[in-house]
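# Remarks on the overall topology
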Amino acid sequence: MTIRSTYLLGFLTISILLLTSVYLQIFEGIIPCPLCSLQRLSFGLLGIWFLIGLLIHAKRLGRLFINFMCGLTSIIGIFLAGRQVWLQHFPSADNSECGVSLQYMMQVLPVNQIFQKIFEGSAECAKRGWEFLHLNMAEWALIWFVLFLLLALCLFIEELKWRK
């Protein structure tokens, strides 16, 4: 498999994941919690990196940069999805109230308070919600982010080997 087809496969996979989440929101009525919205943004950014990689695959320095950014974005996604999975498996009394949407928080609160509220979690973030094969959306997101991190690491290592 060529580097270009790998970037294309990553981009198409992320597009399908994001379209699935939009479908579930619009047609199934599953409203994303703030952590879900940030995970979507991470998937979107990862898709943009794969698209850029698809366009500049001929430049070695560009491939190294894209692979590094894909890995970094995947780590951020792992952190966000991991936090939500943690909240779902170990709910506390502190996050029992329903929170407001991410859009509302961005309009009303300063940035540092937004991140504090998001990572405290809310009742929405602690709900398991939609499931497929006994895993909910946050657990699937965590799996996909780990797979994309492994892909980015493989691409990065392969690029370093290619130099020799």
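Placed above this text is the structure.
As a starting point, this report considers the structure included with it.

## What to know about the packing of helix α1 (residues 3–28) against helix α2 (residues 34–55)
Packing of α1 against α2 leaves a shortest axis separation of 8 Å and a crossing angle of 150°. With respect to their mutual orientation, α1 and α2 come out roughly antiparallel. Relative to α2, α1 is oriented so that their crossing is left-handed. Counted together, R4, Y7, L8, G10, F11, I14, L17, L18, S21, V22 and Q25 of α1 and R40, F43, G44, L46, G47, F50, L51, G53 and L54 of α2 form the full contact between these two elements. The class makeup of the residues in the contact of α1 with α2 is twelve nonpolar, six polar and two charged.

## Comments concerning the nonpolar core
One finds L46, F50 and C70 to be the most contacted residues of the largest nonpolar core, which totals 16 residues. Taken together, the elements giving at least two residues each to this core come down to α1, α2, α3 (60–89) and α7 (137–163). Once you skip the residues sitting within four places of it in the chain, F50 turns out to touch Y7, G10, F11, I14, C70, F148 and L151.

Rules of the game
What you see as residue numbers is a count from 1 along each chain, following the sequence as written. Only residues with pLDDT of at least 70 are given local features in this predicted model, and only at 80 or more are side-chain atom pairs given and counted; all residues enter the totals for whole chains, interfaces and linings. The side-chain values count all of the structure's non-hydrogen atoms but skip hydrogen atoms and water molecules. All axes are obtained by fitting lines to C-alpha atoms, using only the stretch in contact for helices, and the reported angles, taken between N-to-C directions, cover 0 to 180 degrees. A run of H or I in DSSP becomes a helix once it reaches four residues, and a run of E becomes a strand once it reaches two; helices and strands are each numbered from the N terminus. Each angle gets one of four labels, with under 35 degrees taken as roughly parallel, over 145 as roughly antiparallel, 65 to 115 as roughly perpendicular, and the rest as oblique. We call a crossing left-handed when the near helix sits turned anticlockwise from the far one by less than a right angle, and right-handed when that turn is clockwise. For this analysis, residues touch if any pair of their heavy atoms sits within 4.5 Å. Side-chain classes are defined by residue name, with Ala, Val, Leu, Ile, Met, Phe, Trp, Tyr, Cys and Pro counting as nonpolar, Asp, Glu, Lys and Arg as charged, and the others, Gly among them, as polar. Side-chain atoms within 4.5 Å are what join buried Ala, Val, Leu, Ile, Met, Phe, Trp, Tyr and Cys residues into a set we call a nonpolar core. Categorising residues by exposure relies on relative accessible area from a 1.4 Å probe, with only protein chains included: less than 20% of the type maximum marks a residue as buried, more than 50% marks it as exposed, and the intermediate range marks it as partly exposed.

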